[in-house]
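# Understanding the architecture of this molecule
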Amino acid sequence: MEFIEGLLLFVSLLGVSGMGDGSADVQDLKVLKVTSILSAPFLMKSSDPKNILEGNDRYSGYIKDLLDMITGHLNINYTIQLVADGRYGALQAGNGTMIWNGMVRELIKGRADVAASDLTMSYMRRQVVDFTTPYMSLGIVLLMNKRDVTSMVEDGIGDIFFLRPFSYSVWVCLVVAAVVITALFYLINRFDPYEERSRGEAPEESGVLGSLWLVAGGLTLQGSSKRPRSAAAFVLSAIWWSFSIIFLATYIMALVSTQARVMFAVPSLKVRALDDLLKQPHMTVGCISGGSTMNFFRTSKIPIYLRIWDKMEKDVGSFVNTTSVAIQRVRKGGYAYLGESTLVDYAVRHSCDLVKVGGHLDSKSFALATPKGSAYTRPISNVLTKLNEDGSLTMLKTKWWRSLVVCQDGFEIVPDMFHPSDSPQFRSRDTIDLSVARCNFIYLLFGVCLALVTLAIEVLVFRNKRQPPADELKRELTESGTNTTA
């Protein structure tokens, strides 16, 4: 019995010691054939006027350095082969069936051992290939030309730019408040005994037009020639004038901010909402044909994203084959590109006429892909985990994204621009809505109530002063009756 237990323990120890990171198995395999695609800064062609470059030295970039690290840990060699059709990998119709293209097809056909590029992990691709541990996280963002963003902001302001600082609900509430205050001033002029007896001015000054002129004077901080005499009129005037000061100060600051963005065209200019982009007939919205971004919008159930997909399908030339072509079209103007944040960040840092608008629309990852059941998947994943833990991946990204920056001020992220919600908290911060301005109107409502209470008190006090006391009235009636009898 003890012999059997010892034998089982020996076999289990052999199994554990043989697991490792798989590097021993990898070393027995052939040279690693890597399929990739040119996409700066992941993989670019190198040039050296003095020497003729051969093999892997013909390329440089993030992927090239990453492959050097991985193969160095595994003690193997590799060779880079660019995919013939320049595609990442998507299903397409062919010979009556759906077939894969790009780097994914190279893996399926056994013409490559690893696909190393800015290849996104997706559900459809996982059905036909394996993915290693992700080496980078990212999301979909919008890349635009600064001129196009400035033009959209100017179009959004239009001829009625002076109404832009406040939302329609605030303007409606302001008009209603002015009408109510005018009516209340008129009531005070008509029914407040102290205001009426002390008046002495022309009759039209206490009418509706006079009350409206008093309200307009307070709203424009011009005052009025008429001085309030009753307590109710004094209370209402003080509340209305203080409300007007706060309202005008807020309006002027918002208006100056809006106009300054257009005049100086700073990189922080932002599209008011994603709907504004869809309303631009001269703007084409697009992405990489057959990529994960295209599939994201095609399969999304969020209404705003569905409208983007509809516009992509209707517009001519929405889809491009490579990121470099998309960037060239954005620089020419009239084209908005939806792509992975890593590539957009790189483009913005190296092209000062480009700007990244909005935050991430989704969350995804880049990883290396291998054929189904490949012996390379596990050891490469183990190496990527180690590189992430010791900070090598972070330093590698810093090398290719931040150390070669051309435009220091060209990188601009405007958060919450593309959130699918239509609630007020995701609207433009240039427009002040009722949720922000409601405190001012609550303050004004308090003043109206206080003025009405004051008016009621003044009317009651005045009536009591005019009415004689009950004992004096009884005595006068008695004396009158006595004189009649006599």
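All values derive from a computational prediction rather than experimental measurement.

Here we come to the overall build of the protein chain. Summing up its helical and strand segments, the protein chain has 19 helices and 16 strands in all. Nonlocal contacts in the protein chain, meaning residues at least 24 apart in sequence, comprise 77% of its contacts between residues at least 6 apart. Accessible area of the protein chain: about 26,100 Å², with a carbon and sulfur share of 59%.

Read across the sheet, five strands follow the order 12-11-13-10-14 without closing on themselves; strand pairing throughout is mixed. In this open sheet, the two edge strands, each paired with only one partner strand, are strand 12 (319-320) and strand 14 (354-357). Summarising the sheet, strand 10 (residues 140-145) and strand 14 pair through four bridges and their orientation is antiparallel. Across the sheet, the residue bridging to methionine 144 is valine 355, located in strand 14. Lying on the sheet, helix 15 (residues 341-350) is in contact with strand 10, strand 13 (335-340) and strand 14; it crosses strand 13 at an angle near 125°.

Structurally, leucine 143 can be placed in strand 10. On the basis of relative accessibility, which here comes to 1%, the residue leucine 143 falls in the buried class. Taking C-alpha positions, leucine 143 is 6.3 Å from valine 357, a pair spaced 214 residues apart along the chain. Apart from residues no more than four positions distant in its own chain, leucine 143 is found in contact with Ile327, Val330, Tyr335, Ala336, Tyr337, Val344, Ala347, Val348, Leu354 and Val355.

Applying the stated rule across the entire model yields nine salt bridges. The shortest N-O distance in the salt bridge between aspartate 353 and arginine 331 comes to 3.3 Å. Within this pair, whereas aspartate 353 is found in the loop between helix 15 and strand 14, its partner arginine 331 is found in helix 14 (residues 323-332), the two being separated by 22 residues in sequence. Residue classification places arginine 331 among the partly exposed residues on the basis of a relative accessible area of 40%.

By volume, the second largest pocket amounts to about 380 Å³. Lining the second largest pocket are 21 residues, and of these Ser122, Gly291, Ser292, Asn295 and Arg298 lie nearest its centre. When contributions to the lining of the second largest pocket are tallied by element, the ones reaching two or more residues are helix 5 (123-126) and helix 12 (292-299). Element by element, the count of residues in the lining of the second largest pocket is highest for helix 12, at six residues. When the residues that make up the lining of the second largest pocket are grouped by side-chain class, the tally is seven nonpolar, ten polar and four charged.

Take a probe with the size of a water molecule and roll it over the atoms, and the empty space left behind shows itself. Within this structure, the stated rule accounts for three cavities of 30 Å³ or more. Here the largest cavity defines a volume of roughly 100 Å³. Lining the largest cavity are Tyr88, Asp118, Thr120, Arg125, Ile288, Gly291, Ser292, Thr293, Thr323, Tyr337, Glu340 and Leu343. Within the residue set of the lining of the largest cavity, elements represented by two or more residues are helix 12 and strand 13. Residues of the lining of the largest cavity, tallied by class, amount to four nonpolar, five polar and three charged.

Now for the confidence of the model for the protein chain. Detailed reading of the predicted model is not advised wherever pLDDT is low. Chain-level pLDDT for the protein chain is 78 on average; 75% of the residues reach the 70-or-more range. Ranking the elements of the protein chain by mean pLDDT puts helix 1 (residues 2-19) last, at 41, and strand 8 (residues 129-131) first, at 97. In the model, residues 264-272 has pLDDT below 50 throughout and makes 30 contacts with residues more than four positions away in sequence or in other chains. Scored below 50 in pLDDT, residues 409-429 shows 45 contacts in the model against residues more than four places distant or in partner chains.

Close contact between helix 7 (residues 168-191) and helix 9 (residues 208-219) brings their axes to 8 Å; oriented N to C, the two are set at 130°. Considering their axes alone, helix 7 and helix 9 lie oblique with respect to each other. For helix 7 against helix 9, the interelement crossing comes out right-handed. Counted together, Leu174, Ala178, Ile181, Thr182, Phe185, Tyr186 and Asn189 of helix 7 and Val208, Ser211, Leu212, Leu214, Val215 and Leu219 of helix 9 form the full contact between these two elements.

Right, let's talk about the nonpolar core for a bit. Ranked by size, the top nonpolar core spans 33 residues in total, and within it Phe42, Tyr62, Ile63, Leu66, Ile70, Tyr135 and Ile380 carry the most contacts. Counting residues per element, the ones that place at least two in this core are strand 1 (32-36), helix 3 (62-74), strand 4 (78-82), strand 9 (136-138), helix 15, helix 16 (377-389) and helix 17 (392-401). With six residues, the top contributor of residues to this core is helix 3. Excluding residues within four positions of it along the chain, tyrosine 62 makes contact with Pro41, Phe42, Tyr135, Met136, Leu393, Leu396, Lys397, Trp400 and Trp401. Judged by nonpolar contacts, the second largest core, of 29 residues, contains Ala177, Leu236, Tyr251 and Leu455.

Turning our attention to helix 9. Between its first and last C-alpha atoms helix 9 spans 17 Å; for twelve residues at 1.5 Å apiece the expected length is 16 Å, and the two agree. Remark: leucine 221 follows helix 9 within two positions and exhibits a positive phi of approximately 60°.

This paragraph deals with the packing of aromatic side chains. Note on aromatic pairs: each is described by the distance of the centres and the angle between the planes. Summed over all chains, the structure comprises 18 aromatic pairs. Taking 5.8 Å as the distance between ring centres and 50° as the angle between the ring planes, the aromatic pair formed by tryptophan 309 and phenylalanine 319 counts as tilted. With tryptophan 309 in helix 13 (residues 303-314) and phenylalanine 319 in strand 12, this pair connects stretches of sequence that are ten residues apart. Taken together, Phe166, Trp171, Trp240, Phe243, Phe247, Tyr251 and Phe441 form an aromatic cluster joined through their ring pairs.

Here we take up the packing of helix 15 against helix 17. Viewed as axis vectors pointing N to C, helix 15 and helix 17 meet at an angle of 40°, and their least axial separation amounts to 10 Å. In terms of orientation, helix 15 lies oblique with respect to helix 17. Contact residues: Thr342, Asp345, Tyr346 and Arg349 in helix 15; Lys397, Trp400 and Trp401 in helix 17. A per-class count over the contact of helix 15 with helix 17 returns three nonpolar, one polar and three charged.

Let us look at the environment of proline 134. Relative to the helices and strands, proline 134 is located in the loop between strand 8 and strand 9. Taking the C-alpha atoms as reference, proline 134 lies 8.2 Å from methionine 121; in sequence the two are 13 residues apart. Among all residues touching proline 134, those that are not within four sequence positions of it are Met121, Ser365, Phe366 and Ala367.

Analysis parameters
Each chain carries its own residue numbering, running from 1 in the direction its sequence is written. A pLDDT threshold of at least 70 governs which residues receive local features in this predicted model, and a stricter bar of 80 or more applies before side-chain atom pairs are shown or counted, although totals over entire chains, interfaces and linings include all residues. Remark: hydrogens and water are excluded; side-chain values derive from all non-hydrogen atoms of the structure. Put simply, DSSP H or I for four residues or longer makes a helix, DSSP E for two residues or longer makes a strand, and each gets a number counted from the N terminus. Throughout, a residue-residue contact means that at least one pair of heavy atoms, one from each residue, lies within 4.5 Å. Each accessible area is a Shrake-Rupley result for a 1.4 Å probe, and residues are judged covered by the shown protein chains and nothing else. Pairing between two strands requires that DSSP report at least two bridges joining them. Think of each axis as a best-fit line through the C-alpha atoms, taken over the contacting stretch in the case of a helix, with angles from 0 to 180 degrees between the N-to-C directions. Think of it in three bands: residues with accessible area under 20% of the maximum for their type are buried, residues over 50% are exposed, and the middle band is partly exposed, with areas taken using a 1.4 Å probe on protein chains only. What makes a salt bridge here is a side-chain nitrogen of Lys or Arg within 4 Å of a carboxyl oxygen of Asp or Glu, nothing more. Think of a 1 Å grid over just the protein atoms. A cavity is a set of points where a 1.4 Å probe fits yet cannot get out, a pocket is an open set with protein on both sides within 12 Å along at least five of seven lines, and lining residues have an atom within 4 Å of a point. Grid points are joined across faces, edges and corners, and a volume is the space filled by probe spheres set on the points. Under the scheme applied here, ten amino acids are nonpolar (Ala, Val, Leu, Ile, Met, Phe, Trp, Tyr, Cys and Pro), four are charged (Asp, Glu, Lys and Arg), and all others, including Gly, are polar. How sure the predictor is of each residue is captured by pLDDT, a score from 0 to 100. Note that the term roughly parallel is reserved for angles under 35 degrees, roughly antiparallel for angles over 145, roughly perpendicular for angles of 65 to 115, and oblique for everything else. By the definition used in this description, the sense in which the near helix is turned from the far one sets the handedness, with an anticlockwise turn below a right angle giving left-handed and a clockwise turn giving right-handed. To define a nonpolar core, start from buried Ala, Val, Leu, Ile, Met, Phe, Trp, Tyr and Cys residues and group those joined through side-chain atoms within 4.5 Å. Here the expected span of a helix is defined as 1.5 Å times the quantity of residues minus one. Only Phe, Tyr and Trp rings take part, Trp by its six-membered ring, and two of them pair if their centres are within 6.5 Å. Stacked means planes under 30 degrees apart, edge-to-face means over 60, and tilted covers everything else.

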